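A closer look at the structure
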Amino acid sequence: PVFLGAPGGAGRSEIHLTLDYSGSAISTQGDANHDGIKAGLGTVTCKSNLGRCTSQGVGEAALAGPATCSNGNPGITLTLLPGTGHGLIRFERTGDLLFSELVSETVCFDPSTNRQFKSGISNVTGGTGRFAGATGQMRFRGTQWPLYVDADGNGFAVQTGTVTGTIILRDR
């Protein structure tokens, strides 16, 4: 269900979003900082409290060093290169789009299981239809399984995860 909260200020209302997603991710040719780690493009389908949806997102990571992944195993951490993360969600019933910009993302790659554990935050930056002028924030958590990676850094992976957040709508 959609929960509209009491207005947090004149001319706005809030929608609490929850969604589960699954799909794929692929390397692009982008490498903004020229470190050999290519940007990625994710394409997923999702089920949300606002109905079925699809989503795409891009972002580029930079190597941050060794870490312990969320499964307790040693891994390698990557963090979002500032300014490279952007996404959109398209809600099937209305065709409305919700735009976002990633402000943080951390990925921990566990080489012993070939899994990538990721989490982060994105800010809502507007959209179309009911989401025109929207603001807010979303948090995501997910897992990726690389299926193919070649010597040039081109890769293909599957991914699943969840998103929760608050969308602040501008009243019209």
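Okay, so let's go over this structure. (Residues numbered from 1 in each chain as written. Predicted model: local features only at pLDDT ≥ 70, side-chain atom pairs only at ≥ 80, totals over all residues. Heavy atoms only, no water.)

Observations concerning the overall build of the protein
Inclusion rule: By definition, any uninterrupted DSSP run of H or I lasting at least four residues is a helix, any uninterrupted run of E lasting at least two residues is a strand, and each is numbered from the N terminus. Using C-alpha atoms as the atom set, the radius of gyration is obtained and then compared with a globule rule of 2.2 Å times the number of residues to the power 0.38. The buried label goes to any residue with under 20% of its type's maximum accessible area, the exposed label to any with over 50%, and the partly exposed label to all in between, with areas taken from a 1.4 Å probe on protein chains only. Throughout, a residue-residue contact means that at least one pair of heavy atoms, one from each residue, lies within 4.5 Å. Residue-level accessible areas treat just the shown protein chains as cover; the underlying method is Shrake-Rupley with a 1.4 Å probe.
Looking only at helices and strands, one finds 0 helices and 10 strands in the protein. Reading the helices (α) and strands (β) of the protein from amino to carboxyl end gives β-β-β-β-β-β-β-β-β-β. The globule rule puts the C-alpha radius of gyration for 172 residues at 16 Å, and the 17 Å found for the protein is close to it. When the backbone C-alpha atoms are referred to their principal axes, the protein occupies close to 50 × 30 × 25 Å. Taken across its 172 residues, the protein has 41% of its residues classed as buried. Taking all contacts inside the protein whose residues are at least 6 apart in sequence as the whole, residues at least 24 apart take part in 56%. Accessible area for the protein stands at about 8,900 Å²; split by element, carbon and sulfur atoms hold 57% of it.

Some thoughts on the nonpolar core
To keep it simple, the criterion reads: By nonpolar core we mean a set of buried residues, namely Ala, Val, Leu, Ile, Met, Phe, Trp, Tyr and Cys, connected to one another through side-chain atoms within 4.5 Å.
Among the nonpolar cores identified, the biggest contains 21 residues, and L17, L19, I89, F91, L98, F131 and I167 are the most heavily contacted of them. Going through the elements one at a time, β1 (12-27), β2 (40-48), β6 (86-91), β7 (97-110), β9 (135-149) and β10 (155-170) are the ones with two or more residues in this core. It is β1 that provides the largest number of residues to this core, a total of 4 residues. If we skip the residues at most four places from it in the chain, I89 touches L17, L19, C53, T54, S55, D96, L97, L98 and M138.

Remarks on the pairing of β2
Test applied: Any two strands between which DSSP finds at least two bridges are classified as paired.
The pairing of β1 with β2 spans 9 bridges and is antiparallel. Following the sheet pairing, S27 is matched in β2 by G40. In this sheet, strand β3 (residues 51-59) lies alongside β2 in antiparallel orientation, the contact comprising 9 bridges. The residue of β3 that forms the bridge with C46 is C53. Between β2 and β3, which follow one another and run antiparallel, lie 2 residues.

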